[in-house]
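Chain by chain, the residues:
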Amino acid sequence: MTDLSLVIRPERTEDASAIERLHARAFGPGRFARTAYRLREGAAERMDLGITASVGSFLVGSVRMGPVRAGATPFVMLGPLAVDPSFEGRGIGGTLTRAAIEGARKAGEGLVILVGDAPYYGRLGFASVPPGRLVLPGPVDPARLLWLELVDGFRDRAVGLVEAVRA
């Protein structure tokens with residue numbers, strides 16, 4: 001039996017269809033109704049911040065980031081983060097998230113937000129957004145709206161309705 005190792009690399013344009021298939025396997029059709037997905041519809045994507053994970057030629061994980069803003073303050077939103085169900089629990093999601101955060105930091109981004117599980121993302125440095133500070137355009141459990149400041153003091157500028165930057 002061949003031992004295949006995990007390869008983490010930047011997302012490429014030709015990964016798009018494999019990533020869409022991964023999203024279908026990981027999230028199912030209900031993903032389209034979620035507020036975070038709705039926010040990303042028709043939005044620009046930061047291809048320079050997308051990261052993939054593969055085993056051999058099989059794409060097993062992906063994380064993307066997209067530009068958003070609250071008022072005139074731009075920042076990025078992490079997601080979706082997807083790991084193939086047969087590869088869950090192996091640290092792939094954390095590895096992808098750390099790589100995406102580091103890419104955002106190197107790109108000069110000041111803040112990353114996401115909608116997700118606080119215990120999971122808390123270990124990666126994310127914290128709950130104070131209630132009412134940022135508002136997404138749809139229903140979101142306030143405990144799941146998280147942020148990670150990459151530049152000291154940047155989150156002081158992030159207030160109000162979060163809007164996707166359209167493509």
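Bear in mind the structure is a predicted one, so any value in this text is a computation, not a measurement. (Residues numbered from 1 in each chain as written. Predicted model: local features only at pLDDT ≥ 70, side-chain atom pairs only at ≥ 80, totals over all residues. Heavy atoms only, no water.)

1. Here we look at the overall build of the protein
What counts is decided by this rule: The way it works is that DSSP assigns letters per residue, a run of H or I at least four long becomes a helix, a run of E at least two long becomes a strand, and they are numbered from the N terminus. Our radius of gyration looks at C-alpha atoms and nothing else; its globule reference is 2.2 Å times the residue count to the power 0.38. The buried label goes to any residue with under 20% of its type's maximum accessible area, the exposed label to any with over 50%, and the partly exposed label to all in between, with areas taken from a 1.4 Å probe on protein chains only. A contact between two residues is defined here by any heavy atoms of the two lying within 4.5 Å. Each accessible area value is a Shrake-Rupley result obtained with a 1.4 Å probe; residue values ignore everything except the protein chains displayed when judging cover. We count Lys and Arg on the positive side and Asp and Glu on the negative side, and we leave His and both chain ends out. For the purpose of locating charges, the reference atoms are NZ of Lys, CZ of Arg, CG of Asp and CD of Glu.
Looking only at helices and strands, the protein has four helices and nine strands in total. The linear arrangement of helices and strands in the protein, starting from the amino end, is β-α-α-β-β-β-α-β-α-β-β-β-β. Scaling as 2.2 N^0.38, a compact globule of 167 residues should have a C-alpha radius of gyration of about 15 Å, and the protein matches this with 16 Å. A principal-axis box enclosing the C-alpha atoms of the protein has dimensions of 55 × 35 × 30 Å. Among the 167 residues that make up the protein, the fraction classed as buried is 46%. Taking all contacts inside the protein whose residues are at least 6 apart in sequence as the whole, residues at least 24 apart take part in 69%. As presented, the protein carries roughly 8,400 Å² of accessible surface, and 55% of it is formed by carbon and sulfur atoms. In the protein, the 21 positive side-chain charges and the 18 negative ones have mean positions that sit 1 Å from each other.

2. Quick notes on the nonpolar core
Using the following cut-off: The set of buried Ala, Val, Leu, Ile, Met, Phe, Trp, Tyr and Cys residues whose side-chain atoms join them within 4.5 Å is what this entry labels a nonpolar core.
Counting 25 residues, the largest nonpolar core has Met65, Leu78, Val112 and Phe126 as the members making the most contacts within it. Of all elements in the fold, only β2 (51-55), β3 (58-70), β4 (73-83), α3 (92-106), β5 (111-115) and β8 (145-149) reach the threshold of two or more residues within this core. Examining the composition of this core, we find that five residues originate from one element, α3, more than from any other. Contacts of Val112, omitting those with residues within four sequence positions, involve Met65, Val76, Leu78, Ala104, Phe126, Leu146, Trp147, Leu148 and Leu150. Formed by 17 residues, the second largest nonpolar core is a distinct cluster that contains Phe75, Met77, Leu111 and Trp147.

3. Thoughts on the pattern of salt bridges
Under the convention used in this document: Here a salt bridge means any side-chain nitrogen of Lys or Arg lying within 4 Å of a carboxyl oxygen belonging to Asp or Glu.
Overall, the coordinates contain 11 salt bridges when judged by the stated rule. One salt bridge in this structure joins Arg64 and Glu11, with 3.0 Å as the shortest N-O distance. Of this pair, Arg64 sits in strand β3 while Glu11 sits in the loop between β1 (6-10) and α1 (16-27), and the two are 53 residues apart along the sequence. Pair check on accessibility: Arg64 and Glu11 agree, each one buried. Between Arg64 and Glu20 there is a salt bridge whose closest N-O contact spans 3.7 Å. Within this pair, whereas Arg64 is found in strand β3, its partner Glu20 is found in helix α1, the two being separated by 44 residues in sequence.

4. As for the confidence of the model for the protein
Cut-off, in case you're wondering: The quantity known as pLDDT measures the predictor's confidence residue by residue, on a range of 0 to 100.
When pLDDT is averaged across the protein, the result is 90; 92% of the residues are at 70 or more. Per-element mean pLDDT across the protein ranges from 69 in helix α2 (residues 35-40) up to 98 in strand β6 (residues 127-128).

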